[in-house]
Amino acid sequence: MTSQPRIAVLCSRIRVEEKLLLQELERRGVAFDRLDDSKVRFRLDEPEHIYDVVYDRSVSFGRSLYALRILEGRGVQCVNRADVVQMCGDKLATHVALVGAGVPCPRTAVAFTPAAALEALEDLGYPAVIKPVVGSWGRLIARVNDVDAAEAVLEDRAVLGSWQQQVYYLQEFVDKPGRDIRVFVVGDVPLCAIYRRSAHWITNTARGGEASACPVDGDLGAMAASAARAVGGGLLAVDLVEDRAGALSVIEVNHTMEFRNSIEPTGVDIPARMIDWVLAQAESPLGTSTTEAAT
Amino acid sequence: MIECPECAGGITTPSDVMTGEIVPCAHCGAELEVTETTPLALAAAPEVQEDWGE
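Rules behind the numbers
- Residue indices follow the written sequence of each chain, beginning from 1 at its first position.
- For naming, the first written chain is A and the first written ligand is 1, with later ones following in the order written.
- Per-residue local features are limited, in this predicted model, to residues with pLDDT of at least 70; the limit for side-chain atom pairs, both in listing and counting, is 80 or more; totals at the level of whole chains, interfaces and linings are taken over all residues.
- In computing side-chain properties, one takes all heavy atoms of the structure into account and sets aside hydrogens as well as water.
- By salt bridge we mean one thing: a side-chain nitrogen of Lys or Arg within 4 Å of a carboxyl oxygen of Asp or Glu.
- Each helix corresponds to a stretch of at least 4 residues labelled H or I by DSSP, and each strand to a stretch of at least 2 residues labelled E; elements are numbered beginning at the N terminus.
- With a 1.4 Å probe rolled over the protein chains alone, any residue whose accessible area is under 20% of its type maximum counts as buried; one over 50% counts as exposed, and the rest are partly exposed.
- DSSP-based pairing: two strands are paired if at least 2 bridges between them are found.
- Helix axes are fitted to C-alpha atoms over the stretch in contact, other axes to C-alpha atoms as well, and angles between N-to-C directions run from 0 to 180 degrees.
- Each crossing gets its handedness from the near helix: less than a right angle anticlockwise from the far helix is left-handed, clockwise is right-handed.
- It only takes one pair of heavy atoms within 4.5 Å for two residues to be counted as in contact.
- Only Asp, Glu, Lys and Arg are considered charged, only Ala, Val, Leu, Ile, Met, Phe, Trp, Tyr, Cys and Pro nonpolar, and every remaining residue, Gly among them, polar.

What to know about the pattern of salt bridges
Between side chains of opposite charge, pairing is possible as soon as their charged atoms come close. Residues and elements named next belong to chain A. Per the counting criterion, the structure on display carries 26 salt bridges over all chains. Across the salt bridge formed by Arg28 and Glu24, the nearest N and O atoms sit 2.8 Å from each other. Note that Arg182 is salt-bridged to Asp239, the shortest N-O span being 2.8 Å. Here the residue Arg182 occupies a position in strand β9 (residues 179–187), and Asp239 occupies one in strand β12 (residues 234–242), the gap between them amounting to 57 residues. For Asp239, a relative accessible area of 3% puts it in the buried group. In the salt-bridge network here, residues are joined through shared partners; they are Glu24, Arg27, Arg28, Arg273 and Asp276.

Structure, rendered in C-alpha cells:
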C-alpha cells in the first residue's frame, strides 16, 4: 500500500486507554476518523466503505461485533477481527476454543436450567464460581460456598432479562495465591504481563486489584501465546490464574483490554506497541495477520 | 470551569479533554460525558450496559 492508509477508530466511552491510543495516533501524525458507536449508521444495501483499517475500541460487545461484521463484509481490515471479538466476548465460546487447542483451563461445567446447574455444581464441588457468559469487569461473578448460596444465585439469574443469563457457566474455585496474571499479547507474541493482587478473590483491576510487573517468559508466555492463537490472535489480554501448586490455567481472553495500570509497572509503552500493530495491519490484506501467517 | 448539569457544582476538565470522555463531578458524584469540547458541554453519562467491558 503506497498511499496513507485510511484508518478509523470505533469508540464509545473514551476511557484512559482510548485517550492514550488516540493521542499515540496523533503523535505519529496518522490521519484517522473517530466512529462513535452511538451515532454510526450502516446501509446494508449500499456496501461502500471508506476505510482500510478500523480499530475497534468500543466498550460495547454487541455494537463492536455487528459493526465489525458489516465492515469486514466490505473488505475492511478490522482490529480485532469480528470472529475474535465474538469468541472473546463469550466466556463459553472462548473456553471451548481454549480446550480444543489444549490450553489448560479450570474445571468447568455448563447447564441450561437451575436444576441442572445445581447437579453440575455438586459434580464440580464447592466452593465454585458462577459466571455470566457475557460480561466484564467482574460483574455478576459469584462465588458460591454451598448449595444454599448456589440456589439463591441461580434464582436471581433465572429472572434476569437476557437469555445469556440462563446459560449457566460454572467453574471450580481456584485457590489462587492472592493474585492472578494478565498477559498482553500482540498478534500471538506476549508483550508484557502484570500480576493483579487483591485481598478480594476477584482481582480485576476494575475492582481495585493492584498491578505489578510479572516476567512473561517460559511457560506463562507460551501459554498466553497458545491462548491468543486459539481465539484467532490480535490485540489481546490473556487472564490466567495459578493454583497453590503453581499450575497455570487460562480464565479468559479480552479483546478491548484495559491497560492504564500496566504501563508503569511493566515499563512497556503498551499503547505504542498496539498502534504499531494496528498500522502494520494496514499493510496486510484481510486474513493474513501475523498469527495466521505463523500457522 | 463548567457547571455540573446534575448539581450545578463547578467542574474543571483537563486541557486535552476529548468528546466521549467521562468526567466525575466531585460535588455530587455524577458521571458526566463530554459531549462537546468547543464550547465544553457535559451531559449525564449513559448507564453501564450488560455487554460493556473489555
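What about the pairing of strand β1 (residues 7–11) of chain A?
All names here are of chain A. Within β1, five of the five residues are buried, leaving the element largely enclosed by the surrounding structure. By the alternation rule, side chains of β1 split into Ile7, Val9 and Cys11 and Ala8 and Leu10, which are all buried. Looking at chain direction, β1 and strand β3 (residues 53–56) are connected through four bridges and run parallel. From the neighbouring strand, Leu10 faces β3, where its bridge partner is Asp56.

Side note on the packing of helix α5 (residues 114–124) of chain A against helix α6 (residues 147–159) of chain A
All names here are of chain A. At a closest axis distance of 10 Å, the pairing of α5 and α6 adopts a crossing angle of 145°. Of the two possible hands of crossing, α5 and α6 adopt the one that is right-handed. The segment α5 lies against α6, with Pro114, Ala117, Leu118, Leu121 and Glu122 engaging Val147, Ala150, Glu151, Leu154 and Ala158. Classifying every residue of the contact of α5 with α6 by side-chain character gives eight nonpolar, no polar and two charged.

None of the figures reported here should be taken as evidence of function without further support.
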